[in-house]
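# Fold and contact review
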Amino acid sequence: MSEPGRTLPSRRTNTASDRLARAVRYAGRLTCWSLATGMTTAATDLVLEPQTTWWTALWPIPWYLTGLSLPLWAVLRAREKAAHQPDEDDDSPGHLEKAA
């Protein structure tokens, strides 16, 4: 139990870096899953050679999704890395003491 007058945190606050990290994670998962699905559908098309009309329209879709999600992931990852970079123009004394 918590002390009287104090409440337990019901939800952690989402900072911008947390949201960006989550977006990078989801875009990476989308890239991996669409690539895996694309390889599976390509193998199915090669081995089983389905002759249905819907299959010819369906099997390239994961490859298109991979092509769209990969640049999305790259841009989000670059933004995430840039957000964690310290400023180069930081002339604070603590910064200089750490370097010495």
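### Here's the deal with the side chain of threonine 66
Within the secondary structure, threonine 66 is located in helix H3 (residues 61-84). On the basis of relative accessibility, which here comes to 10%, the residue threonine 66 falls in the buried class. A polar contact of 3.3 Å, which involves the side chain of threonine 66, links it to the backbone nitrogen of leucine 35. Contact partners of threonine 66, with chain neighbours within four places excluded, come to Thr31, Ser34 and Leu35.

### Describing the environment of leucine 76
With respect to the helices, strands and loops of the structure, leucine 76 is situated in helix H3. Classification of leucine 76 as buried rests on a relative accessible area of 14%. For the pair leucine 76 and alanine 21, spaced 55 residues apart in sequence, the C-alpha separation works out to 8.4 Å. Setting aside residues no more than four positions away along its own chain, leucine 76 makes contact with Leu20, Ala23, Val24 and Ala27.

### Side note on the packing of aromatic side chains
The final tally for this structure, using the stated rule, is one aromatic pair. Between the aromatic rings of tryptophan 54 and tryptophan 55, the centroid separation amounts to 6.0 Å while the plane-to-plane angle is 85°, which identifies the pairing as edge-to-face. The class for tryptophan 54 is exposed, based on a relative accessible area of 53%.

### Some remarks on helix H1 (residues 16-48)
In this model, H1 (33 residues) spans 47 Å end to end at C-alpha, consistent with the 48 Å of a helix rising 1.5 Å per residue. Next to the buried residues of H1 lie helix H2 (53-58) and H3. Two residues or fewer past H1, glutamate 49 is found with a positive phi of approximately 50°.

### Observations regarding the environment of threonine 52
Relative to the helices and strands, threonine 52 is located in the loop between H1 and H2. Since its relative accessible area comes to 33%, threonine 52 is described here as partly exposed. At 3.4 Å, the side chain of threonine 52 forms a polar contact with the side chain of tryptophan 54.

### Section: a nonpolar patch on the surface
Taken together, Trp54, Leu58, Ile61 and Tyr64 make up a surface patch of nonpolar side chains, about 470 Å² in accessible area. Only H2 and H3 provide two or more residues apiece to the nonpolar patch. Tracing the sequence through the fold places isoleucine 61 in helix H3. Overall, isoleucine 61 belongs to the partly exposed group, its relative accessible area being 44%.

Analysis parameters
- Residues numbered from 1 in each chain as written.
- Predicted model: local features only at pLDDT ≥ 70, side-chain atom pairs only at ≥ 80, totals over all residues.
- Heavy atoms only, no water.
- Helix = DSSP H or I, 4+ residues; strand = E, 2+ residues; numbered from the N terminus.
- Buried < 20%, exposed > 50% of the residue type's maximum accessible area, 1.4 Å probe, protein only.
- Polar contact = N/O pair within 3.5 Å; in protein donor to acceptor, adjacent residues only side chain to side chain.
- Contact = heavy atoms within 4.5 Å.
- Phe/Tyr/Trp six-rings, centres within 6.5 Å; stacked < 30°, edge-to-face > 60°.
- Expected span 1.5 Å × (residues − 1).
- Patch = residues over 30% accessible without salt bridge, like charges linked within 9 Å, V, L, I, M, F, W, Y side chains within 5 Å.
- Areas by Shrake-Rupley, 256 points an atom, 1.4 Å probe, with all protein chains shown as cover.
- Salt bridge = Lys/Arg side-chain N within 4 Å of Asp/Glu carboxyl O.

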